[in-house]
Amino acid sequence: MGFVDLAWLVPLIPCLCFVIVGLFGTKMGEKTAYGGLLVVFGTAISFLIALLVSYDYFTACYPAAVESHILWFTIGGYEINIGYYIDSLSCLMMLFASFISTLIFVYSLGYMHDQEMRKRRYFAEVALFLTGMLGLAVSSSLLELFIFWEVMGLCSYLLIGFWSFRHPEGDDKADNAASAAKKAFLVTRLGDVCLMGGLFILFLAMGSLDYTVVFNADNLAAAWAADSGKLLLAALLIFGGVIGKSAQFPLLDWLPDAMAGPTTVSALIHAATMVKAGVYLVARCFPLFCMDKDIMLFVAIIGGATAFFTATMAMNNMNIKKVLAYSTLSQLGYMFLSLGAGGYLVALGMETGEEHLMVIGALGYTAGCLHMANHAFFKALLFLCSGSVIHSTGTEDMRLMGGLKEKMPKTAMTMLIGTLSIAGFPFFAGFFSKDLVLDVVFETFEESGSISWVFILLWILGIVTAFMTAFYMFRLWFMTFMGEYKGGAHGHCHGESPNCMTMPLMVLSIFAFAFGFTLTFGWDGVFTIGLVDGAWLVGGGEAESGLHWIVELFTNWKTYVTIVLVLLAIYLAHCMYVKGTMNPGKFNKDGKSALYTTISNRWYFPELYNQLSWKLGYGVAKGVDFFDKQVIDGTVNGLSSSVVGGGDLMSKAQDGHVQSYAIIVVGGIVALFVAAALLFAQFGGL
């Protein structure tokens, strides 16, 4: 037995930590942070096992997937299995989810130090949250994935609503966190219903939800030939679940409100778990989605539109965590744009038999996976840095910050690295993946024929989004760390955060800078996808050697377009928020312009959702309530009343007099005689 056979331990260990801390955390005492140290230790062990599993897989099993399952139960002639499935994508998800979560949990020991016994609840919930993500990563079937998907949904509700009492991060409003938690739960449930419906239809079409069955090329081809409509509907409904979980258009408004939770929870949701699950599901279901190029076109359009519109929402927001939340939405849009554009070419290549299209399209898969990993590192870094700032200043309002560079040098420097990475500054991690994404979209424009105008529009939206990202992220950094100190919420700054909070920042900053260089060490071969001997395989591609991708990027004119836009955005932000040579109010009429107001109101998405809820949701709820009370309850109550009434009527015949009973008996005999005579006459006698 190799280490790869221990994959089931990766989600099991944090699950055991959840059980132990949940039951006995209070008895563990303050010295263990009421079980927090156990969760940190368990998560670190889970990461080490994931590392060993990945090492064993890549040295002994790669590129073929390793799958093992046992029979769970049967339904009629169908078998439902449960097990683990390890390939390059599974290893990637296991490694960055467990590694980043370990750092976040270490950081939490300092960040949540004032919560006393509430730490037991916090650490138990984050352990279960991580269990959901790791279980999803190693699942061997879509049904098993759905179970862990729902575990994360429950934990997100509990953790977003953690400040459902008076606390500075809840803006001193006990209902703020509770409302945000309910909103996240209900909106993501809408997507989950779509996902569940898609899985039902897929099970009906394929007869199984096991990866080895569903993503087999021959099985997909046979099911498509038998009833393409079922697979098409299943794929669209599955992507509906992705839209809800990863907060894409139009179900995007819950994620900024989720900032009502602790900053460490925000880092978990945005970097290591939850929203990455949607990207993982599209990458995992890539063979299914590629059965129809229009599905991938839809994925690309949703991703491109979300990337652009959510970036605009960050341009004038003053809350440091919400700016990062909008940036998450935008970066997730990039990932779906890459997967959708690449998948479109793969589907087109399968349709026309042009293999070079499939090769180019597979690069979209590679770029999407690389940007997912890069984003995990720099977004975890940015959120934890924002938490360090909030911890020190007591506010999330950037207008009350400024001048923190000298007071918090470690936080300032590490956050600058994260900002450069997400902005796509040359040689930082985000630069490699973002430019590769945009390059794939442009390649799709050149190869897509009659609908090429869609992809050139998406490419333009992508480069404009790159400009806006660099601007609003440096706006955030300049307003927080440069200029004069504004005093924070209490008129003073507590200084640099403790070592247990700054050490994770330093570790993450290394990855936020250097992880993009993995592209030069064979990433394009390990994280590609294609048909090999009739089977879909993640990995096993031919990787370019050495510095090929650096040469490729810097000999490409499109790269210089984005570099110029990024530098221009940084310059404008510096002029506006450091030197003061440009007045931001001049462009928005001091916040009174129609565009400024529209963006400040999130393009009126919250109002739209509220109107739909009241006009549609409330009306449906009233109708259901009427049917429940008048029809269902009315039927049940009517039956019970008739039984009770009949019993009361019959009880009146029990008067204790023999004469009454004799009259009833004689009357009954006469009635039976009359009935028999009528029937006899009706059927013609003898």
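How each quantity is defined
Residues numbered from 1 in each chain as written. Predicted model: local features only at pLDDT ≥ 70, side-chain atom pairs only at ≥ 80, totals over all residues. Heavy atoms only, no water. Helix = DSSP H or I, 4+ residues; strand = E, 2+ residues; numbered from the N terminus. Polar contact = N/O pair within 3.5 Å; in protein donor to acceptor, adjacent residues only side chain to side chain. Contact = heavy atoms within 4.5 Å. Axes fitted to C-alpha atoms, helices over the stretch in contact; angles between N-to-C directions. Parallel < 35°, antiparallel > 145°, perpendicular 65-115°, else oblique. Nonpolar A, V, L, I, M, F, W, Y, C, P; charged D, E, K, R; others polar. pLDDT = per-residue confidence, 0-100. Core = buried A, V, L, I, M, F, W, Y, C linked by side-chain atoms within 4.5 Å. Buried < 20%, exposed > 50% of the residue type's maximum accessible area, 1.4 Å probe, protein only. Expected span 1.5 Å × (residues − 1). Phe/Tyr/Trp six-rings, centres within 6.5 Å; stacked < 30°, edge-to-face > 60°. Lys NZ or Arg CZ within 6 Å of the ring centre and 35° of its normal. Salt bridge = Lys/Arg side-chain N within 4 Å of Asp/Glu carboxyl O. Left-handed = near helix turned anticlockwise from the far one by under 90°.

### Some points on the side chain of S98
Next, step 1: Along the chain, S98 turns up in helix α3 (residues 88–111).
Next, step 2: There is a polar contact of 2.6 Å between the side chain of S98 and the backbone oxygen of M94.
Next, step 3: Each residue touching S98, except ones within four places of it in the same chain, is listed here: T43, F47, A50 and L134.

### What about the packing of α3 against helix α12 (residues 275–284)?
Next, step 1: Viewed as axis vectors pointing N to C, α3 and α12 meet at an angle of 170 degrees, and their least axial separation amounts to 11 Å. Between α3 and α12, the angle falls in the class roughly antiparallel. Together, L89, S90, M93 and F96 of α3 and K276, Y280, A283 and R284 of α12 make up the contact between the two elements.
Next, step 2: By residue class, the composition of the contact of α3 with α12 is 5 nonpolar, 1 polar and 2 charged.

### A look at the confidence of the model for the protein
Next, step 1: For the protein, per-residue confidence averages 88 on the pLDDT scale, and 94% of positions sit at 70 or higher.
Next, step 2: Segment residues 170–174 is flagged for pLDDT under 50; beyond a separation of four residues in sequence, or across chains, it makes 9 contacts in the model.

### Thoughts on the nonpolar core
Next, step 1: Judged by nonpolar contacts, the single largest core of 222 residues is most densely connected at I86, I100, L142, L202 and F289.
Next, step 2: A per-element tally of this core places helix α16 (residues 355–393) first, with 21 residues.

### So, α16
Next, step 1: An ideal rise of 1.5 Å per residue puts 57 Å on 39 residues; α16 measures up with 57 Å between its terminal C-alpha atoms.
Next, step 2: Where burial is concerned, most of α16 is hidden: 35 out of the 39 residues are buried.
Next, step 3: Where α16 ends, the next residue or the one after it, G394, has phi of about 75 degrees, a positive value.

### As for helix α11 (residues 263–272)
Next, step 1: In terms of burial, α11 is a largely internal element, 10 of the 10 residues being buried.
Next, step 2: For α11, every residue scored as buried is listed here: T263, T264, V265, S266, A267, L268, I269, H270, A271 and A272.
Next, step 3: One or two residues past the end of α11 sits M274, with phi positive at roughly 55 degrees.

### Focus on unusual backbone geometry
Next, step 1: In the segment running from Y62 into P63, the intervening peptide bond is cis, with an omega of 5 degrees.
Next, step 2: Position of P63 relative to the elements: it lies in the loop between α2 (36–61) and β1 (66–75).
Next, step 3: Here the amide bond leading from F249 into P250 is cis, since omega sits at 5 degrees, within 30 degrees of zero.
Next, step 4: When you line up the elements, P250 lands in the loop between α9 (228–245) and α10 (254–257).
Next, step 5: Not every positive phi belongs to a glycine, and E116 is a case in point at roughly 50 degrees.
Next, step 6: Tracing the chain through its elements places E116 in the loop between α3 and α4 (118–138).
Next, step 7: Its identity is not glycine, yet M274 carries a phi of approximately 55 degrees, on the positive side.

### Some details on the packing of aromatic side chains
Next, step 1: On inspection of all chains with the given rule, the structure shows 42 aromatic pairs.
Next, step 2: Here F431 and F554 contribute two aromatic rings whose centre-to-centre distance is 5.6 Å and whose plane-to-plane angle is 35 degrees, an arrangement assigned as tilted. Placement of F431 in helix α18 (residues 429–447) and of F554 in helix α22 (residues 548–554) is noted, with a sequence separation of 123 residues between them.
Next, step 3: Overall, F554 belongs to the partly exposed group, its relative accessible area being 22%.
Next, step 4: Chaining the aromatic ring pairs together yields one cluster made of F425, F427, F428, F431, F432, F513, F517, F554 and Y560.
Next, step 5: One Lys or Arg, K407, reaches over the ring of Y485 and ends 5.1 Å from the middle of that ring.

### Re the pattern of salt bridges
Any two side chains of opposite charge can pair, so long as their charged atoms come close to each other.
Next, step 1: Evaluation of the coordinates by the stated rule reveals 11 salt bridges.
Next, step 2: Here R189 ties to E150 by a salt bridge, and the two come within 3.6 Å at their closest N and O atoms. Here the residue R189 occupies a position in helix α6 (residues 174–206), and E150 occupies one in helix α5 (residues 142–160), the gap between them amounting to 39 residues.
Next, step 3: On the basis of relative accessible area, R189 is assigned to the buried category, the value being 16%.
Next, step 4: Here E150 falls in the partly exposed class, since its relative accessible area comes to 25%.
Next, step 5: The residue E396 makes a salt bridge to K321 at a minimum N-O spacing of 4.0 Å.

### Quick notes on the packing of α16 against α18
Next, step 1: One way to put it is that α16 packs onto α18 with a least axis distance of 8 Å and a crossing angle of 155 degrees. One way to sum up the angle between α16 and α18 is to call them roughly antiparallel. In the packing of α16 onto α18, the handedness of the crossing is left-handed. Contacts between α16 and α18 pair H356, L357, I360, L363, G364, A367, L370, H371, N374 and F378 from the former with A429, G430, S433, K434, L436, V437, V440, E443 and E447 from the latter.
Next, step 2: Taken together, the residues that form the contact of α16 with α18 break down as 10 nonpolar, 6 polar and 3 charged.

### Looking at the environment of A225
Next, step 1: Within the element layout of this structure, A225 appears in helix α8 (residues 217–226).
Next, step 2: By relative accessible area, A225 is classed as exposed at 68%.
Next, step 3: Remark: the alpha-carbon pair of A225 and F239, spanning 14 residues in sequence, is separated by 22 Å.

### Digging into the environment of A65
Next, step 1: With respect to the helices and strands, A65 occurs in the loop between α2 and β1.
Next, step 2: With relative accessibility at 32%, the residue A65 sits in the partly exposed group.
Next, step 3: Residues A65 and D87 lie 22 residues apart in sequence; the distance between their C-alpha atoms is 4.8 Å.
Next, step 4: Not counting the four nearest positions on each side in its chain, A65 is found in contact with Y57, Y85, I86, D87 and L537.

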